[in-house]
Structures are given as structure tokens and as C-alpha cells.
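# Summary of the model geometry
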Amino acid sequence: MVTTTYQLEVDWDNNGDYIGTYDNVSSETFNVQFRRGRDYASQVSGNSTAGKLTAVLNNEGGKYSPSNAASVLAGNLEVGRPIRFGTGASGEFPYEFPFAFSSEAVPEWTGRLQSLIPEPSSTGLNRVVLTAVGPLGYINDLVPISEMQSDIRTDEAIAKILDDAGWGATERELAEGQTTMNRWWTDSLNTITALRIVEETENGFVKEMANGYISFESRNTRLSGSYITSQATFSDAVSATHTYMQLEQTDPLETVINRFDATYRNYLVTGQPDLWTYPETGADSPKLVPAETKVFIAEYPNTSADPEAIGVDAWLTPVAGADIIANTAYTGGGLDASSSMTITQVKVANQMRIAITNDYISPTSGLPSTVWLTTLKARGTPILLKDNTLVTQSDSASVTKYGERKFTADTPFFPTLAIAQSWCNYQIQMYSTPINVMTMTFSANISQNNMDAAIELDVSDRITLVATGNAELGVSGDFFIEEVNHNITDGGQSHMVTWKLSPADTGYTQFWKLDTGKLDTTTVPAY
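Only a predicted model underlies this, so the values are computations on that prediction, with no experimental measurement involved.

### What about the pairing of strand 22 (residues 351-358)?
For strand 22, a buried count of 6 out of 8 residues is recorded, marking the element as mostly surrounded by other parts of the structure. Looking at chain direction, strand 21 (residues 341-347) and strand 22 are connected through 7 bridges and run antiparallel. Residue Ile 343 lies in a different strand from strand 22, and its bridge partner there is Ile 356.

### A few points about the sheet that holds strand 10 (residues 205-208)
Strand order in the open sheet formed by 3 strands is 8-11-10, and the pairing between neighbours is mixed. Two strands close off the open sheet at either side, each with one partner strand: strand 8 (172-174) and strand 10. Across this sheet, the average inter-strand angle for adjacent strands is 15°, counted without regard to direction. With 4 bridges connecting them, strand 10 and strand 11 (residues 214-217) associate as antiparallel partners. Opposite Glu 208, over in strand 11, you have Ile 214 as the bridge partner. Each of strand 8, strand 10 and strand 11 is contacted by helix 2 (residues 154-164), which is oriented at about 160° to strand 8, the strand it contacts most.

### Some points on the environment of Glu 156
Within the secondary structure layout, Glu 156 lies in helix 2. Along the chain, Glu 156 and Val 56 lie 100 residues apart, while their C-alpha atoms are 40 Å from each other.

### Focus on the layout of surface pockets
Considering only enclosed or pocket space, the largest pocket measures out at about 260 Å³ in volume. Taken together, 18 residues make up the lining of the largest pocket; nearest its centre are Val 44, Asn 47, Arg 196, Glu 199 and Glu 200. Elements with a minimum of two residues in the lining of the largest pocket: helix 3 (191-202) and helix 5 (417-431). At 5 residues, the largest contribution of residues to the lining of the largest pocket is made by helix 3.

### With respect to the sheet that holds strand 18 (residues 293-299)
Spatially, the 3 strands line up as an open sheet ordered 18-22-21, and their pairing is antiparallel. Since the sheet does not close on itself, it has two edges, and those belong to strand 18 and strand 21, each with one partner. Across the sheet, the axes of successive neighbouring strands diverge by a mean angle of 20°, strand direction being ignored.

### Side note on the pairing of strand 3 (residues 48-58)
Pairing between strand 2 (residues 29-38) and strand 3: 8 bridges, direction antiparallel. Residue Gln 33 lies in a different strand from strand 3, and its bridge partner there is Thr 54. In terms of strand pairing, strand 3 meets strand 6 (residues 127-133) through 7 bridges, oriented antiparallel. Paired with Leu 53 across the two strands is Ala 132, which belongs to strand 6.

### Observations regarding helix 5
For helix 5, with 15 residues, the first-to-last C-alpha span of 22 Å sits near the 21 Å given by 1.5 Å per residue. Taken residue by residue, helix 5 has Ile 419, Ala 420, Trp 423, Cys 424, Tyr 426, Gln 427, Ile 428, Met 430 and Tyr 431 as its buried positions. Structurally, helix 5 contributes buried residues whose contacts are with helix 3, strand 15 (259-269), strand 23 (371-394) and strand 24 (406-408).

### What about the packing of aromatic side chains?
With the rule as written, the count across this model stands at 16 aromatic pairs. Between Phe 34 and Phe 85, the ring centres sit 5.8 Å apart and the planes meet at 55°, which makes this aromatic pair tilted. You can see Phe 34 sitting in strand 2 and its partner Phe 85 sitting in strand 4 (residues 82-87), a full 51 residues away along the chain. The same class applies to Phe 34 and to Phe 85, which are both buried. Considering the side-chain rings of Phe 442 and Trp 499, the 4.9 Å spacing of their centres and the 70° angle between planes classify their relative orientation as edge-to-face.

### Describing the pattern of salt bridges
Considering all chains together, one arrives at 20 salt bridges under this definition. With its nearest N and O atoms 3.0 Å apart, the salt bridge here joins Arg 259 to Asp 261. Linking Lys 406 and Asp 261 is a salt bridge whose minimum nitrogen-to-oxygen distance equals 4.0 Å. Pair noted here: Lys 406 is in strand 24 and Asp 261 is in strand 15, with a separation of 145 residues, a long-range link. With relative accessibility at 49%, the residue Lys 406 sits in the partly exposed group. Through salt bridges with shared partners, one network takes in Arg 38, Lys 207, Glu 217, Arg 222 and Glu 482.

The rules we used
Residues numbered from 1 in each chain as written. Predicted model: local features only at pLDDT ≥ 70, side-chain atom pairs only at ≥ 80, totals over all residues. Heavy atoms only, no water. Buried < 20%, exposed > 50% of the residue type's maximum accessible area, 1.4 Å probe, protein only. Helix = DSSP H or I, 4+ residues; strand = E, 2+ residues; numbered from the N terminus. Pairing = 2+ DSSP bridges. Axes fitted to C-alpha atoms, helices over the stretch in contact; angles between N-to-C directions. Contact = heavy atoms within 4.5 Å. 1 Å grid on protein atoms, 1.4 Å probe; cavity = no way out; pocket = protein on both sides within 12 Å on 5 of 7 lines; lining within 4 Å. Points joined across faces, edges and corners; volume = space filled by probe spheres on them. Expected span 1.5 Å × (residues − 1). Phe/Tyr/Trp six-rings, centres within 6.5 Å; stacked < 30°, edge-to-face > 60°. Salt bridge = Lys/Arg side-chain N within 4 Å of Asp/Glu carboxyl O.

Okay, structure coming up:
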């Protein structure tokens, strides 16, 4: 039996170095399970998901009990603490129980602490269940809000979403997108949903990496480099270098999609009217006492907007004395104090946040005085939805054979009618006939080759799967790993790996490439 060493660490003091006295919890860990990747092994209907890690730790003494004030970690058992799990070099370290410690662990999963749930026992050891989420899960509760963008590539939009979610530029790997959107914004979606919309526009993939980075693949990423070469062959042959224990095939008929719909939206930028006006006037006008700051949020579209309005191309910076008028009397008959207001603003696609501070000094008394905002409005350049065109592509032979099975793109950001149509045309060539979507489980402990594959291969890596022997599936070809799931139990003696696999001879690898592809034989037109 082949074993390796494992390392589980939590940065309890949140300083980024994992070298605190109690940061390494490997010696108290009984088992670990983690996953990341797509929720379904399909490059069209599989979604990016947040990874998850669950570990069971020895909690004798109550060190990991959040309510235990006597714990040496009291005050540091906080949600959001960085956590990482890694493996040592295969075969170089002796097996120990619970987990052996390696000072040079290869990262396998990185994320943030979500919960610690103690499990007291009257008959055995007290334990605690540690749960952590991957980077996407950590930032998903946030709602990124962007300014209206024009002529922006998909990778640039991904970067703006991550920036607004507070995800560092040094912790991401973004391939250059192949689609440039003529309009893009986000203002009401959680982070993962906002990322998925851009991901679909590109025909790309947003994923978590083992080192905790967030990665974006363009639709061309899997057409070059290591993505076009199989990294390992798993077979049911007796003498196979890599072997598997279980193979599940999704019903191929369930993979059929024979109609694709997409929507192209054309926008019209108009003049610079008043987009928003504060509704209360007279005695109900906003009142600011000396040095007081009030914040107003101008929204557009609103109830008085054009029914076709969808956002603001550019908000105009409010002008004191025109957009914002302050007066010492709510009737407007007092002294004009507009020039003494300090005005700041934050502009996004459908909102402008206006902060106004009263710095007015009365010229008669020389003292700060109360003012009323008798006029408060926001101007900008509105964007109207000019055309909303549905494009579609179907395969009549497939519809006749399997019945209509439709997939509709959620994205509103296809930049042209031609791109929307090309998206549909491409997908129909991939999915109008049944494809092989597989779930493969293997033991890493069965051989050194299996252990190396478990440690080294990850989401998006390409493998060869052969199931023509005892499996009797008649499947032999290359696949991409779309999800990894590791279950390490018995103190590391048992390491089971499950991969969800999508076929590499369909999907995005079938784009036609000059000098390497034979059009209409093994490849289809790209866009």
C-alpha cells in the first residue's frame, strides 16, 4: 500500500504566515474531505461552484471549541481564517497517525474557515468538525457593483468583479478573453452569479485553484499547452499503469441539447436629462445642521424613467448651485449656501451615492448655520434598450429523435447579433448528439502512479480513460477533469479520489485551428 503525508494548517492569528504555535493541526486530524470544480461535468451547463473542505479533528481539551474561553485559541476561532491542505512528496515520509507532518507540502486545497462544530462524546474522544469554503464561496456573499463599461473584454470584467469583491490581484490567474462586450455592468448579483454571466458570454470557465487563486479560462485556453496532451491513462486493463475502482456513466441521452437560444440586446445612449430628483420639498426638504453629512443615493432606472431604460452610461458630477442648492430657509428665501457644501460622489452603473456636508458659516453671525437642500437632483446619460433579439439554433434530426431539449443562455452581454448566433451554432454542434460524461473513482493507495496522479492532477487537466475491458462500456478517449473530490480517512491510510469528467473530443477543444484541424471531421468553426 502506498501512502503519503498530509498537512492541514489554519492561520489562526490571520497574519498570513501559517507559522503560529497552533497553526499546524495535522497531528490532531482524523480525516479530510475536499472538493472543487463544476457542479456538473459539462462545459455548457456545468456551473462554477465554491469548493468545500471538511475535516474532523481531535478536540480533547476543547482547544477548537469557539465558546471555550479557556482555549489557547480563544478569540482566534473566527470565521474567515485562512486554511490550507497539502500533501507531501509521495513515498518519502513514513506513515504516522493521525496525519504525518510534511514541511514541504504540495498545496491541494486552500480556502477560508466557515465553521467549527464541536462533537462531545461520553464514550470516545471529543471531536470537532471543521468546515471551510473555497475562494469563490468566501466572496460570494458580496454583491459587486460596477460602473457602466463599454468595449470591455470578458477577462477585464472578471477582474472588476474580483476587485469589487476585495479579491487581491496577486491571487488570480486570468486568461485573455476572446469576447469584447460593447456593454457590461453588474449591480444586483452575488459574486458567483456575476462571474457566471461573464463566463457564459465568453464560453469560458471560472475556477478555484489548489493554491487558493481564482482562475479564468477563455474559450481558447484548452486548445494549447498541456491541455492538448493527456497527462495520464486510467484503464480497466489488468496491466494498466493507472487503475480505477468505479466508473459511472451519466445517461448519454441526458446530455443531449438540440436547441440553443440566446438574446442580443442593442442599446441606445441618449442625452443628459435629469435622471433623479429628491422627492421632498418645502418644509420636508433635507435639513443639515452645522458639520452634518447626509448621504443620498440616486437610482436609475426609477419610477419616472423611460420604460426602456436599463442604466446610466455616465453620471454627471453634481454642480453646487444647479444640481444641489442649499439655503438658510427651507422656502428658498434665505441666503444661498450652496458653495459652502462639501460634495462627494461614488458613481456606478445604476446608482450615484452623493454625500453632502454642511460647512456653511453665516456671514452675519460668523457662526456655523443650519441649511436646507431645496434642490437635489442627479443628471447623466441614460441608456435605453433599443432592440431585444432572440437568436436560436436547433438540430431537426436530433429533435425528431430525442424530442426538443432546450438550453437558453442567461447572459445579456453578447456584443453582436452574429456573436450570439455563433454561440448557438457552436453549441448545437457539440451537444445535439449524446456524449459521454463520466464519474471515475480510484484509490490513490493502490500504486505510486495512482498516488502521483491524485496529488498532481487537477481541474481542467486532460486524461485518457479506457473502459473497453471488464467495464464493458466501450469508452476509450480523452476527458477533462471538471471536478475533483478527495476523501482521506483512517489517518491517511485510505485516500479515495473521484473525478467528474467531460469528453475532450467534444466541447471547446473542437474549435478549428489552422494547420492542425480538419474542418467538419474532428473540428467545428470557432468564433
